[in-house]
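Tertiary structure, described
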Amino acid sequence: GNFQFMPSTIKNYAIDFDNDQKINLKQTKDSFASAANYLNKLGWSNENPCFYSVELKKNTPDKYLNSSAKKIHSIKKVKNLKEFIKDSDYLDNYSELSAAIITPDAEIVENSDKLAPAYIVFDNYRLILKWNRSLRFGISVCTLANLIKT
């Protein structure tokens, strides 16, 4: 499917990317451009990551795990979260960025492992949650953004 927009979002962020004098959100050109415009206006940063899949250590305190998109809590600098992430050296370049850990299966999959799957998420990811409060939606949009970049 295509992106969905609330009426106020259409009014404030939709654009006529193909210059045909109408905004047609059923067409991918206008739809993708409008989604990009929306995220850009919210503060999306092309220089910063959206998320990384991580493997958590068994001693990760529950207070650092986010399984609901209602409110992401325990936002810390990456350098303060690295101690709970296995093989975390690749995060050294982001040590001063704000981040949180999400475990999206914990709330929706019966008998799931509370530590896996896990992701470290950054400001770009949290911007997506302003659009749609779903941890899995955020992962999907970030994955799509990464594919578009490459």
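Scroll up to find the structure.
The text that follows walks through the structure, step by step, so that each part is easy to find. As the structure is a computational prediction, the values presented were derived from the model and not from experiment. (Residues numbered from 1 in each chain as written. Predicted model: local features only at pLDDT ≥ 70, side-chain atom pairs only at ≥ 80, totals over all residues. Heavy atoms only, no water.)

Things to note about the packing of helix α5 (residues 123-131) against helix α6 (residues 135-149)
Heads up, the rule is: The axes are straight lines fitted to the C-alpha atoms, using for helices just the contacting stretch, and the angles between their N-to-C directions are given from 0 to 180°. Numbering of helices and strands runs from the N terminus; a helix is a DSSP stretch of H or I covering at least four residues, while a strand is a stretch of E covering at least two. What sets the label is the angle itself: under 35 degrees gives roughly parallel, over 145 gives roughly antiparallel, 65 to 115 gives roughly perpendicular, and the rest give oblique. Crossings are assigned a handedness: left-handed for a near helix turned anticlockwise from the far helix by less than a right angle, right-handed for a clockwise turn. Here a residue-residue contact requires only that any non-hydrogen atoms of the pair lie within 4.5 Å. Only Asp, Glu, Lys and Arg are considered charged, only Ala, Val, Leu, Ile, Met, Phe, Trp, Tyr, Cys and Pro nonpolar, and every remaining residue, Gly among them, polar.
With their axes 9 Å apart at the nearest point, α5 and α6 run at an angle of 120 degrees to one another. Taken together, the axis directions place α5 and α6 in an arrangement best described as oblique. In the packing of α5 onto α6, the handedness of the crossing is right-handed. Contacts from Y125, I128, L129 and W131 in α5 reach L135, F137, G138, I139, V141 and C142 in α6. Among the residues making up the contact of α5 with α6, the classes are represented as nine nonpolar, one polar and no charged.

Description of unusual backbone geometry
The phi angle of most residues is negative, glycine excepted, and most peptide bonds adopt the trans form. P117 follows A116 through a cis peptide bond whose omega is -5 degrees. As for its placement among the helices and strands, P117 is situated in the loop between α4 (105-108) and β5 (118-121). With phi around 55 degrees, S74 is a residue other than glycine that occupies positive phi space. By the secondary structure assignment, S74 is in the loop between β2 (65-66) and β3 (76-77).

Here we look at α6
What counts here: The span you would expect from a helix comes to 1.5 Å times its residue count less one. The buried label applies to any residue whose accessible area, calculated with a 1.4 Å probe on protein chains only, is under 20% of its type's maximum; exposed applies above 50%, and partly exposed to all values in between. Working note: the arc is built from the helix axis to C-beta atom directions.
End to end, α6 covers 21 Å across 15 residues, agreeing with the expected 21 Å (1.5 Å per residue, within 8%). Regarding α6, the residues found buried are L135, G138, I139, V141, C142 and A145. Projected down its long axis, α6 carries its buried residues within an arc of 170 degrees, all on one side. Facing away from the buried side of α6 by over 90 degrees, the exposed positions are L147 and I148. Considering only its buried residues, α6 is in contact with β1 (51-54), β2, β4 (98-102), β5 and α5.

Overview of helix α2 (residues 28-42)
Under the 1.5 Å per step criterion, the end-to-end length of α2 is 21 Å for 15 residues, consistent within 8% with the ideal 21 Å. The inward-facing, buried residues of α2 abut α1 (7-13) and α5. Phi turns positive, to about 120 degrees, at G43, one or two residues after α2.

Concerning the packing of aromatic side chains
Defined as follows: Pairs were defined over the aromatic rings of Phe, Tyr and Trp, the Trp ring being its six-membered one, requiring ring centres within 6.5 Å. Orientation was assigned from the angle between planes: stacked under 30 degrees, edge-to-face over 60, tilted for the rest.
Tallied over the entire structure, the rule returns twelve aromatic pairs. When the centroid spacing of 5.4 Å and the interplanar angle of 35 degrees are considered together, the rings of F3 and W131 count as tilted. One end of the pair, F3, is in the segment before α1; the other, W131, is in helix α5, and 128 residues separate them in sequence. We classify W131 as buried; its relative accessible area is 17%. Here Y38 and W131 contribute two aromatic rings whose centre-to-centre distance is 5.6 Å and whose plane-to-plane angle is 75 degrees, an arrangement assigned as edge-to-face. Placement of the pair is Y38 in helix α2 and W131 in helix α5, with a sequence separation of 93 residues. For the residue pair Y38 and W131, the accessibility class agrees, reading buried in each case. A connected cluster of aromatic rings, assembled from ring pairs, spans F3, F5, Y13, F32, Y38, W131 and F137.

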